[in-house]
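Below are the chains, spelled out letter by letter.
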4 protein chains.
Amino acid sequence: MALRTREQYLASLKAMRPNIYKFGERIDDITTHPATRRTVESHARAFDAANDPALAEIFTTVSSFTGEKIYRFNALMSSLEDTLFNMKLKRASYRRTGTCSGGTCVGWNALNVLWAITQEVDREHGTSYQDRLKNWILHAEEKGLVVAGALTDAKGDRSLKASQQPDPDCNLRVVEAKKDGIVVRGAKVMIAGAAASDEIFVVPGTSYGRDEKYYSIAFVVPKDVPGLTIVEARRASDGRELEEGFDIPETGITQGYLFFENVFVPNERVFLFGEYAYTGKFIQYFTANYRACIGACVAGQGDVMIGAAMLMARANGLPVKTFQNKLVEMAINNETTYGAGAGALALGRRHPAGVWLADPLAAHTNKVLVATLPYQTKRLCQDICGGIAETGCFPSYKDYSNPSYGRLIRKYLKAGQKVSAEARARAARLVEWLTLGAGVPGTMHGGGSPDGAKLVVRMETAFEEYAGYAARVAGIDDPVPEPERNR
Amino acid sequence: MALRTREQYLASLKAMRPNIYKFGERIDDITTHPATRRTVESHARAFDAANDPALAEIFTTVSSFTGEKIYRFNALMSSLEDTLFNMKLKRASYRRTGTCSGGTCVGWNALNVLWAITQEVDREHGTSYQDRLKNWILHAEEKGLVVAGALTDAKGDRSLKASQQPDPDCNLRVVEAKKDGIVVRGAKVMIAGAAASDEIFVVPGTSYGRDEKYYSIAFVVPKDVPGLTIVEARRASDGRELEEGFDIPETGITQGYLFFENVFVPNERVFLFGEYAYTGKFIQYFTANYRACIGACVAGQGDVMIGAAMLMARANGLPVKTFQNKLVEMAINNETTYGAGAGALALGRRHPAGVWLADPLAAHTNKVLVATLPYQTKRLCQDICGGIAETGCFPSYKDYSNPSYGRLIRKYLKAGQKVSAEARARAARLVEWLTLGAGVPGTMHGGGSPDGAKLVVRMETAFEEYAGYAARVAGIDDPVPEPERNR
Amino acid sequence: MALRTREQYLASLKAMRPNIYKFGERIDDITTHPATRRTVESHARAFDAANDPALAEIFTTVSSFTGEKIYRFNALMSSLEDTLFNMKLKRASYRRTGTCSGGTCVGWNALNVLWAITQEVDREHGTSYQDRLKNWILHAEEKGLVVAGALTDAKGDRSLKASQQPDPDCNLRVVEAKKDGIVVRGAKVMIAGAAASDEIFVVPGTSYGRDEKYYSIAFVVPKDVPGLTIVEARRASDGRELEEGFDIPETGITQGYLFFENVFVPNERVFLFGEYAYTGKFIQYFTANYRACIGACVAGQGDVMIGAAMLMARANGLPVKTFQNKLVEMAINNETTYGAGAGALALGRRHPAGVWLADPLAAHTNKVLVATLPYQTKRLCQDICGGIAETGCFPSYKDYSNPSYGRLIRKYLKAGQKVSAEARARAARLVEWLTLGAGVPGTMHGGGSPDGAKLVVRMETAFEEYAGYAARVAGIDDPVPEPERNR
Amino acid sequence: MALRTREQYLASLKAMRPNIYKFGERIDDITTHPATRRTVESHARAFDAANDPALAEIFTTVSSFTGEKIYRFNALMSSLEDTLFNMKLKRASYRRTGTCSGGTCVGWNALNVLWAITQEVDREHGTSYQDRLKNWILHAEEKGLVVAGALTDAKGDRSLKASQQPDPDCNLRVVEAKKDGIVVRGAKVMIAGAAASDEIFVVPGTSYGRDEKYYSIAFVVPKDVPGLTIVEARRASDGRELEEGFDIPETGITQGYLFFENVFVPNERVFLFGEYAYTGKFIQYFTANYRACIGACVAGQGDVMIGAAMLMARANGLPVKTFQNKLVEMAINNETTYGAGAGALALGRRHPAGVWLADPLAAHTNKVLVATLPYQTKRLCQDICGGIAETGCFPSYKDYSNPSYGRLIRKYLKAGQKVSAEARARAARLVEWLTLGAGVPGTMHGGGSPDGAKLVVRMETAFEEYAGYAARVAGIDDPVPEPERNR
C-alpha cells in the first residue's frame, strides 16, 4: 500500500463539496483560497515528511492491524514509545509550520481513546462499537486521512447542564434515532484544522448524566457530509491572509465553527450512542493524553520563537550572545512542557484494550504549565526583538514596495549590515505572527481550560494522605480534624 | 481664553496638508479615514474631558505663565502634585479609550524636560533656547495643541554610533545650518499618535558624543511641515479597521514612521542644536519621567481588561465571583505599576528650572515592571474569558450578519441568558483587541527597552556601599576585594 | 534638650524590673544576656545615628510641639516628606543591622494613627483622648523612648469573634474599669522589639463590634509594668545566639509574647476605651501606613543581601560581574517595594488632625509585593552564593577553631586567594542568617497577612466602574448583568 | 539471603571506628548522639520499608546478578521502569522522613553511572574496572549497604583548575600510587548522609584534563577507613537537635566534610584512576540521572509541606478549603518537578552497558525547576500557616513546659477548638523546619548549581537549527549571519 502523497491529499480536498465559509462568502477551493490555503499547506507538510529521511520515522509507522506502512497520525498508540512519537510528531510539525495542525492531532487522539472506551462498553453491554471503530481505522490508515476532532460544544449557559438549556441544541445531540443511523443537530465550535481535514471525528465535549443520553455520542463524518456547514473563525490579523506580500507567513491554522443541521450518520460510523456513563471516562482519558502531548506543541512553537529571536537579533546588528540568558530561559520553558509531557506519558499505563494512557495528575499539571509558560516565552521573544517586532510596528508590504515612498522604508529598515531590510521585515513579522498574530494557537483553553486542569489536580492529589505524612514527621499522634462550622 | 473644542480640533486636523500614508495610499482626511479616525477619536476624547466634571480637574489646569485655564497636556509640571496629574491623565485616558494617546503624552514630557535642559544650556553657554521654548509653550497652551513626541531614530546598525553608520541618515541630523534655521534629514520611527497631532516635538533619541553635534537637536514642527512624509505602521489586526462592524472598537492608536527629507526648521523652533553634552542628560530626565508615568498607562489599560473580563464572565453565564482571585491579581498588577510610578515621582526632585524630575532608580525599576506585569495581566484576562476571547475565535461580523447562515452563529454564540449574542461577541473582540490586537500598546519597548532600564538600575545602585553594609553586619573587618584575573 | 545617648538608653533598660524570659529562664540583664543583647544592639544603633552626619537628618527631627530636636521615631509625621523619612529610617536601619528594629517602628506608627483617631473620637464624643496622647508624646519625645507596638492578639479560634471565644482572654480585654484606670488581661503575641523597648504601645488587633467594647482599647505601658510577663519567641537558629564565635552576627531582633495578667493602666495612658466603632478605622489607617513603609524594610534587608552576595562571590574567587544580572534583579525587587511604598504615601492624604495617611489600595498592594518579592531575592542570593551559603553548610565555629582538626576546615574553606577563610565563613553565615536564620523578619505575616491585603485591594477596586469602561470601549450599550443563580 | 534489618544496620553503625565530629567533639555513638541520630533514623526507615506491603515494591527488588531479593538502593537500574523506581523511592523516603536520605541516593547513582563508564574504559583500554565494580556491587547487595556518594571537592579558587591551585589538595587527589592501591589526600565537602552510611563512594567532582590524572579517581571506602575524618556541617537551627522536646522533628539529614589524610584504597576498590578523559562523561551521565530524579525529592518534601499546611490551617481553626487554591498551586509545583523528572528519564536511553541514562537536556531543565519551584512552595506554605509558622514565632519547648509561666503559653497557643495547643505547636515547628530550618535540603546547589544546568541546556539546545526553522517559516532564503565585531 503506497502512502498518500501531498498531491493526492490536495486533490481529494479539492474534490469535496464546498461547505466552508469565511468573511460572508463560500470558499470554493480551500487549497487555493487565501483564507484556507495556509492551513492546508501546514497539513500538507505532514505528507512531505514521509519522504524526508529525518522525519519519516516520526511521521510514519506500521499498522498494528495490517503490518502495512501507514501515517503515524492514523495509528493506534500501544506503548509508551508510540505515544512519545505523538509528541515528537507535534514538535516536528510546529517547527516546520510555526503553528498548529489540528487535523493530524485531535482525531488521532480520539480514535485511540475510543479504542479503549468502546472495548469497555462492548464488554459491559455486549455492543460491538469497537468493531465499527476498527473498520473505520482500517479505512483511515489505508487512505492516510487527515481527521480533525470536534469536542467543544457551543454550551450555551455554562451554569446549566445540557439537558437544562433553554435551547437544547447548545450541545450537539441526536434529534432522531433511525434504524440505520442517527440524525444530529447542534454545533461544535473552535475546531482546529477542520478546513484541511478529510473527515471530522465528533466526540462528547463533557461528562454527561442520565438525562443526557441523546448528547452522549461519538461518530465520524466526511467533512462535506450533507447538512454540515463550516464557518471559519477569525484569528488575530487574519485579514492579512487575504493580502499579498510578506506581512504573514505561508503556513497557518484555522478554527472552524461546525454547524450540524440534521446530519445523518450511518450506524457503522457511530461509536457511542446513549452510553452517558462512559462520557466522563472518555473525557478523562482524552484530556490526559491530550494535555500530556500538548507540551510538545508549545515546545515546538517555542523553538521557532527562539529561532526568530536569533534572526531578529542579527537583523538588528547584534550578536546572539547578547541575549544568551534569555534564549536559555526560552529553551527551559520549552523543555519544561516537553519534559513534563513525556513524564505524564511515562507515569501512565497501558489500558487493557492495548492503548497507552497518560497519568492524569501529571498530564493536567502539564496543562497548567502550557497555559502559563508560553506567555513568558513570548514576552522574552518580544524583549529580545525590540519594538519593531513587539507590535509589528513598521509599515505594510504595500507601503514597503510602494514605488513612490517605499524607498524610504527600505532605507531606514535596514539595520544589521549583513542582513537585508526584507529579511529584517520578515523576521519581525514572524515574531508578530507568533506572539500577537494568527500564529498564536489557543493553548490556554484549547483542549480545555487550566482551571479545569487544576480541578483534576485537586481531585487526584491525596491531600489527607499528605496530612498524615506531616503529622507523622511532626510527631502528632492525635487526629487534627477539620473545624466545625460555627456559623 | 476659551479652551479648544473637539470640533475645533477636528477642523484643524482636516485643514492640514495630507502627508500621511498607509497601505500604499495617501490619507486625505485623517479624521474620517478608517485607518486613522480611531486614533483621532481617542485624542478627541481628551477635549471632551474639559466639559466632564469628573475629568476637568485632570485634563485642565492653569498656565504658570498666563494664569489662564489650559489643557493640562500643554502645561509645565512644577510640583509632585502636577506630575501625579500626568499619571492620572494617562490612566483616565486609557480607561476611556482602551489604549494609548501619544499626542497628549510625549510632546508634553518633552517640553517639560527641555525646560530644564534649556535653562542649563543657557546658563552655561549664554544661549537663549529657553526663551524660544517659552514662546512655543505659550503658543501650545493658547491653541491647546496635540503634540506627538519623536525620539526613536531608525538607528541602523545598533553596534555602531550615529557618526559611524554607513548611512549617516540613520539618525536624524542637520544637513544644513542656515542663518535663520536648520535643514534636517532622517527618520523618526514608531511615533505614537503622530496622525492625530497638530505638531511634532523632535528630540534626541540617545546620548551623543563630540562627533555627533549635527545629531544633537531638538525642535518642533507642524505635522504637515514641507518635506515630512508620514507612513503609518501596521498593528496587529489593523486590517479590521478598514472593515465594518464590531470586530474592532471605535478607538485606537497609530504609530507612524516620520521621514524628514530636508525639512527646514526656523530658529525660533529649534531648542537645542549642537549641544551634544546635554543629550545624555536629556535622555536621563526624559526617560525617568516617562518611565515613572507609564505605570499609569498600563494600569489604565489593565482596568479595562478587568472590566472586559467581568463582561465576558457574565456573557458566559458565570458570576464574576468565580474569578475573584484572578481579578484581584490583575488589580494588584495595575496598582503595582501605578504605585511604583507614583513612588518614582515622590522620590524625585524639583529641577532648579522649576520642573519636577522623577527618581531615576525608581523610575527605571518601574519600566521593568511595565515590561513584565501587563503580560501576566493579559494572560489572566484570557484565562477568565475562555477560548472565544483567547484568540478571538469566532466568525467575523460579516459572517455574523450573513443573511443566509448568520442565524447559526447568532444562535450558538449566545451563552449567558441575560446577555445578548452581540454583547458577548463585542466583549470577546475587546479582549482580543486588548491582548492580541491593535489595542496592545508597545509598552515593552515604548520609550526604551527594559534592558536599557536595567542598565540604569545597575548604574544607580550603590553596590559597593551595600557590600560594606554586609561586611559590617557580618563582622568582616578586612577588605574583600575582587579576584585578580587569572587568565 | 539633649538627645538621649546610647549609654543612657542602655542604662535605663538595665534599670527595669526583669520580666523577660527565654529558654525557661528569666533574663536579668537584657543588655548583656546573649538572647537579647543583639536586639538591644540593633536598637542602640539608632541612637548612634544622631552623631553620624550621614544619618542625623534621617534619625532626628524637630518636635512639632516644642520645636526641640528629637528622635524622629517619636515625632508626628505631618507631611509626605515626613512620612518618606519613616521609610528612609527603616531602610537605613536594616542596612546597618541587617534586620528589624521594631521598637523604632510600630509604636511610632501607632502614635501617629492614634493622633488622627483620637481627634475624630474627641470631636464626635467630647472626650479628651488626644490631650492624653499629646502629653504622652511630649514625654516620649523628651526621653527619646523606644516604643514597641503591640497589635496581634492570641486570637484563639479564627472562625469566631472575640466576644464568641470560649476563652474570653484570647483577645486582650478590660477586665475591670476603675475610676482612675483600667485593668487588662490577655496576650499580645509576636511583638517585635519588645525586649529592647522602654514602653509598649498597645492597640486593637482587629476591627471590633458592639459586643466587643471591652476589647476596644489603646494604651501605653512601661515595659516592666506590674503584671506583664514577656516570653521571647524562638527564631530560626536562635540557639546560636547563646554560642561564641561567628556563627551568628552581633545584631538581631526578638519577638515577644506579652502576657497581661490584670495589668493596671492609669487613665492618662488610655487613649481609647470602648470606642469599638473606631477600631476598624484605626486598623485601616494603621495598616495603610505600615504596609506602605514596610517596603523600605525589605528593601534595606535586600540591600544587605546584595552586599552579602558580592562578598560571597569574591570569597569564592569569582568576580561580581559574573552575577551582574542576578544582582540587578535583586536590586529591582528592592526598589519595587521601596518605590511602591513611596507611591502609596504619595497617593495618600493629610488627615484633618495633621498626620499623613497612605493610600490604602496602593499600600495593601505593596504588602502583597512585600510578601512575595523577598522570597525571590533570597533565592537569588542563595543562587549566587553557592552551596556553602544555601544551607550554611560548613562546620561550626567550635569545629573551625578546634585545636586538633580545625586546621583542616580552615585549609579547605579558603577559596578566593585574596579573601581569608574566616571572611568566607562569616559571609556565608550572614547569608544563612538572612535567608534561613534568625535574621529573617516575618514580612509575610508581620503587620497582617497578604490575604488580608488582597481583601482590601478587592474592596478598594472599583470593579463595576471598570466594567463600565470596558462596555463603553466595546460599544456595548445594553447592561451586562450578573447571571441569576440557577441552582 | 535475608535482607538486612533496621537492627542489623544500627548495630553495624555502632561497631565502626568513631571518626565523626561536631561542635568540637567526637561522636562516639552516632546512632544515639543527638547530632546524628536523626539522620540515622531517616535512613533506618528505608529498612523498615522491606516489611511494609505498601513500600516493599519500591524499596526492594531482585539482583540482576544473583536473582536474590535485595534493597533497591544497591541495584543496577537497567530500564526506564527501574529508574522510575529510583524516583518513587526518593519521594516515598521524603514523605516518611520529611527530608533527604543521601545514603540511599548518591552512592546508588554513582555505582550505576560507573557501571557504564567502566565498561567504556575497559573496552578502550583493556582495563578491568568493571569487574572490580561488579564484585563490590555484589558485596553491597549482599550486605544491603547504605552508601553515601562524595563528589564535591573543596575546590579552592573557582577561577583556577585543580592542577593550578596554590594548594594542590583543594581537589581530592592521589598522592601515592602503590602496587596494591592508591593513597589519597584532600576533602570532599557537604556530603549528605555520610554519618548514616556504611561506605562512601568517591567520584570526580568535575571534568578533568590531561594535567589532572591524579585527580581522576573513583573508589569506595568504608566510612571508618583509617585517615578519614568527618566533621559535620551546621544546618539551620541544628542546635535544637541537642535540645529536648518538640522544637525539632525526630528525623533529619546531615552533611559532612570528609577530610582524607593519606587514606589508602586497595586496588579492588578503585574503579577509575588516571582516566581523565572519562571524567567529563562521568559528570554528564551522573548529573543527568541525578537531576532527573531529584524532582522526586522536592516533590516528596512538597507533599509534606502540603500536609503541614493542612494541619496548621486546622490548628488555626480554619477549614482546609479556605486555602484550596494555594494547596493546588503547591501540588502543581510538586508534580511539575516529579513529572519533568520522569520525562527526562522517559526521553533517555539505555547505555550499552545495560544501565538507563536520562536525557541531559530534559534533566538539566528539571534542575532549574528544582532550584526555583520549591521556593514558591515554601512561600505558599508559610502564607497558609500564618505568622506563628513563618518564622517559628513562639516560645521554646522549655518555655512551653515551664512550671511557672508555661501555662500562659499553652493557654494562648490553643486556637482551633478541636486541636490541642501541642499539636498546633508541633505543626508550626514542622513548617519552620521544612521552610527555614534543618529540614531544608540543599536542592539549589546540591548535585550542582542551576547555572551549571543552564550551561548544559545551552550546549544541548540546537540553536542554529531553530534559526533555520524560523527562517523557513518566515520565508527568508538568504543567510542571516552573526554581525562582524566592529570594535
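Since the structure is predicted, the reported quantities are computational estimates derived from the model, not experimental observations.

What counts and what doesn't
- Residues numbered from 1 in each chain as written.
- Chains lettered and ligands numbered in written order.
- Predicted model: local features only at pLDDT ≥ 70, side-chain atom pairs only at ≥ 80, totals over all residues.
- Heavy atoms only, no water.
- Helix = DSSP H or I, 4+ residues; strand = E, 2+ residues; numbered from the N terminus.
- Rg over C-alpha atoms; globule rule 2.2 N^0.38 Å.
- Buried < 20%, exposed > 50% of the residue type's maximum accessible area, 1.4 Å probe, protein only.
- Contact = heavy atoms within 4.5 Å.
- Areas by Shrake-Rupley, 256 points an atom, 1.4 Å probe, with all protein chains shown as cover.
- Lys, Arg positive; Asp, Glu negative; His and termini not counted.
- Charge placed at Lys NZ, Arg CZ, Asp CG, Glu CD.
- Least-squares fit on C-alpha atoms with pLDDT ≥ 70 in both.
- Salt bridge = Lys/Arg side-chain N within 4 Å of Asp/Glu carboxyl O.
- Polar contact = N/O pair within 3.5 Å; in protein donor to acceptor, adjacent residues only side chain to side chain.
- Nonpolar A, V, L, I, M, F, W, Y, C, P; charged D, E, K, R; others polar.
- Expected span 1.5 Å × (residues − 1).
- Axes fitted to C-alpha atoms, helices over the stretch in contact; angles between N-to-C directions.
- Parallel < 35°, antiparallel > 145°, perpendicular 65-115°, else oblique.
- 1 Å grid on protein atoms, 1.4 Å probe; cavity = no way out; pocket = protein on both sides within 12 Å on 5 of 7 lines; lining within 4 Å.
- Points joined across faces, edges and corners; volume = space filled by probe spheres on them.
- Pairing = 2+ DSSP bridges.
- Phe/Tyr/Trp six-rings, centres within 6.5 Å; stacked < 30°, edge-to-face > 60°.
- Lys NZ or Arg CZ within 6 Å of the ring centre and 35° of its normal.
- Disulfide = S-S within 2.5 Å.

Across its full length, chain A holds 16 helices and 14 strands. Since a compact globule built from 487 residues should have a radius of gyration of about 23 Å, the 24 Å found for chain A is in line with a globular shape. The buried share among the 487 residues of chain A stands at 69%. For chain A, the share of sequence-separated contacts (at least 6 apart) that also reach a separation of at least 24 residues comes to 77%. When the accessible area of chain A is evaluated, it comes to approximately 15,300 Å², of which 48% is carbon and sulfur surface. Separation of charge centres in chain A, based on 59 positive and 55 negative side chains, amounts to 5 Å.

Residues other than glycine seldom take positive phi values, yet Phe 23 of chain B does so here, at roughly 55°. Relative to the helices and strands, Phe 23 of chain B is located in the loop between β1 (20-22) and β2 (25-26).

Right, let's get into the relation of the copies chain B and chain A. Mapping chain B onto chain A leaves a residual RMSD of 0.0 Å; the transformation is a rotation of 180° accompanied by 0.0 Å of translation along its axis. Both chain copies can therefore be described as sitting about a two-fold axis. Closest approach to the rotation axis among the C-alpha atoms of chain B is made by Ser 237 of chain B, whose C-alpha sits 1.8 Å away. When you check the interface residues of chain B against chain A, 100% turn up at the interface there too, and the contact is symmetric in its surfaces.

Our focus in this paragraph is the interface of chain B and chain A. If you look at the interface, chain B gives 82 residues, while chain A gives 82 residues. Linking chain B to chain A there are 14 salt bridges. A salt bridge links Arg 234 of chain B to Asp 247 of chain A, with the shortest nitrogen-to-oxygen separation between them at 2.9 Å. For the interface between chain B and chain A, the tally reads 47 residue pairs in polar contact (both at pLDDT 80 or more). If one sorts the elements of the side of chain B that touches chain A by residue count, helix α13 (residues 406-413) of chain B sits on top with six residues. Taken together, the residues that form the side of chain B that touches chain A break down as 32 nonpolar, 22 polar and 28 charged.

Along its 12 residues, helix α16 (residues 463-474) of chain A runs 17 Å from first to last C-alpha, staying within 8% of the 16 Å computed at 1.5 Å per residue. Among all positions of α16 of chain A, only Phe 463, Tyr 466, Ala 467, Tyr 469, Ala 470, Ala 471, Val 473 and Ala 474 of chain A are buried. In this structure, the buried residues of α16 of chain A make contact with α15 (450-460) of chain A together with α4 (80-97), α7 (279-315), α8 (324-346) and α14 (421-436) of chain D. Where α16 of chain A terminates, the next one or two residues include Gly 475 of chain A, which has phi positive at roughly 75°.

Let's shift gears to the pattern of salt bridges. Evaluation of the coordinates by the stated rule reveals 136 salt bridges over all chains. For the salt bridge of Arg 6 of chain A with Glu 41 of chain A, the shortest nitrogen-to-oxygen distance reads 3.0 Å. Of this pair, Arg 6 of chain A sits in helix α1 (residues 6-14) while Glu 41 of chain A is found in helix α2 (residues 37-48), placing the two residues 35 residues apart along the sequence. If you follow the salt bridges from partner to partner, you end up with Lys 22, Arg 234 and Asp 238 of chain A together with Arg 240, Glu 243, Asp 247, Arg 429 and Glu 432 of chain B in one network.

Turning our attention to the side chain of Asn 402 of chain A. The topology assignment puts Asn 402 of chain A in the loop between α12 (397-400) and α13 (406-413). Contacts of Asn 402 of chain A, omitting those with residues within four sequence positions, involve Arg 407 and Arg 410 of chain A together with Gly 24 of chain B.

Where helix α8 (residues 324-346) of chain B meets helix α9 (residues 360-370) of chain C, the closest approach of the two axes is 9 Å, and the angle between their N-to-C directions is 105°. By the angle between their axes, α8 of chain B is roughly perpendicular relative to α9 of chain C. Every residue of α9 of chain C that contacts α8 of chain B at Ile 332, Glu 335 and Thr 336 of chain B is listed here: Leu 361, Thr 365, Val 368 and Leu 369 of chain C. Per-class residue counts for the contact of α8 of chain B with α9 of chain C are four nonpolar, two polar and one charged.

Here we take up the layout of surface pockets. When its volume is computed, the second largest pocket comes out at roughly 580 Å³. What lines the second largest pocket is a set of 24 residues, among which Leu 347 and Asp 359 of chain A together with Lys 88, Arg 91 and Tyr 338 of chain D lie closest to the centre. Sorting the residues of the lining of the second largest pocket by element identifies α9 (360-370) and α16 of chain A together with α4 and α8 of chain D as the ones contributing at least two each. Considering each element in turn, the lining of the second largest pocket owes the most residues, eight residues, to α4 of chain D. Considering only residue class, the lining of the second largest pocket consists of 14 nonpolar, one polar and nine charged.

Residues and elements named next belong to chain C. If you trace the four strands from one edge of the open sheet to the other, you get β5-β8-β9-β12, paired in mixed fashion. One side of each edge strand has no neighbouring strand; the edge strands of this open sheet are β5 (147-150) and β12 (270-273). Each strand axis lies, on average, 20° off the axis of its neighbour in the sheet, ignoring direction.

The subject of this paragraph is the environment of Ile 182 of chain A. Residues and elements named next belong to chain A. Within the secondary structure, Ile 182 is located in strand β7 (residues 181-192). A sequence separation of 255 residues divides Ile 182 from Gly 437, and the C-alpha atoms of the two residues are 40 Å apart. Excluding residues within four positions of it along the chain, Ile 182 makes contact with Val 174, Glu 176, Ala 177, Ile 217, Phe 219, Val 263, Phe 264, Val 265, Val 270 and Phe 273.

All names here are of chain A. Taken N-terminus to C-terminus, the directions of helix α7 (residues 279-315) and helix α10 (residues 373-385) make an angle of 10°; their axes are 9 Å apart at the nearest point. Relative to α10, the element α7 is oriented roughly parallel. Note on element contacts: α10 touches α7 through Pro 374, Thr 377, Lys 378, Cys 381, Ile 384 and Cys 385, opposite Val 298, Gly 302, Met 305, Ala 308, Ala 309 and Met 312. Tallied by class, residues from the contact of α7 with α10 come to nine nonpolar, two polar and one charged.

Below, the discussion takes up the packing of aromatic side chains. Under the defined criterion, the tally for this structure stands at 72 aromatic pairs over all chains. With 5.0 Å between their ring centres and 80° between their planes, Phe 246 of chain A and Tyr 397 of chain A make a pair best called edge-to-face. Within this pair, whereas Phe 246 of chain A is found in the loop between β10 (228-232) and β11 (255-266), its partner Tyr 397 of chain A is found in helix α12, the two being separated by 151 residues in sequence. Among the residues examined, Tyr 397 of chain A registers a relative accessible area of 29% and is labelled partly exposed. Taken together, the ring pairs in this structure connect Tyr 9, Phe 47, Tyr 71 and Phe 73 of chain A into an aromatic cluster. The ring of Phe 85 of chain A carries the charged tip of Lys 88 of chain A above its face, separated from the ring centre by 4.8 Å. In this structure, Arg 429 of chain B packs its charged tip against the face of Phe 394 of chain B, placed 3.7 Å from the ring centre.

Our next topic: the pairing of strand β11 (residues 255-266) of chain B. With nine bridges connecting them, strand β7 (residues 181-192) of chain B and β11 of chain B associate as antiparallel partners. Within the sheet, the bridge partner assigned to Ala 187 of chain B lies in β11 of chain B and is Phe 259 of chain B.

Let us now look at the side chain of Glu 390 of chain B. Tracing the chain through its elements places Glu 390 of chain B in helix α11 (residues 387-390). Look at Glu 390 of chain B: it is buried, it has no salt bridge, and the nearest opposite charge is Lys 378 of chain A at 6.5 Å. Of note is the side chain of Glu 390 of chain B, whose polar atom sits 2.8 Å from the backbone nitrogen of Met 444 of chain A. Those residues in contact with Glu 390 of chain B that lie beyond four places of it in its chain are Tyr 375, Pro 441, Gly 442, Thr 443, Met 444, His 445 and Gly 446 of chain A together with Gln 382 and Leu 436 of chain B.

Quick look at the environment of Val 419 of chain C now. Residue placement: Val 419 of chain C occurs in the loop between α13 (406-413) and α14 (421-436). Judged by its relative accessible area of 4%, Val 419 of chain C falls in the buried class. Val 419 of chain C sits 104 residues away from Ala 315 of chain C along the chain, and the two C-alpha atoms are 5.5 Å apart. Beyond its immediate sequence surroundings of up to four residues, Val 419 of chain C is in contact with Val 480 and Pro 481 of chain B together with Arg 314, Ala 315, Lys 414 and Arg 424 of chain C.

Our next topic: the sheet that holds strand β10 (residues 228-232) of chain D. Strand pairing in a sheet relies on backbone hydrogen bonds. The paired strands run either parallel or antiparallel. Taking strand neighbours across the sheet as the criterion, the six strands line up as β2-β1-β10-β11-β7-β6 (chain D) in an open arrangement whose pairing is mixed. In this open sheet, the two edge strands, each paired with only one partner strand, are β2 (25-26) and β6 (173-177) of chain D. Of the strand pairs in this sheet, strand β1 (residues 20-22) of chain D and β2 of chain D are connected by two bridges, and their pairing is antiparallel. Within β2 of chain D, the position partnered with Tyr 21 of chain D by the bridge is Arg 26 of chain D. Here α13 of chain C sits on the sheet and contacts β7 (181-192), β10 and β11 (255-266) of chain D; the angle it forms with β11 of chain D, its principal contact strand, is near 100°.

All names here are of chain C. Applying the stated criterion across every chain yields a total of zero disulfides over all chains. Summary of cysteine pairing: Cys 381 is not part of a disulfide, and the nearest cysteine sulfur, belonging to Cys 385, is at 4.2 Å. Relative accessible area serves as the criterion here: at 0%, Cys 381 is assigned to the buried category.

The subject of this paragraph is the environment of Ala 474 of chain A. In this structure, Ala 474 of chain A sits in helix α16. On the accessibility criterion, Ala 474 of chain A (7% relative accessible area) is buried.

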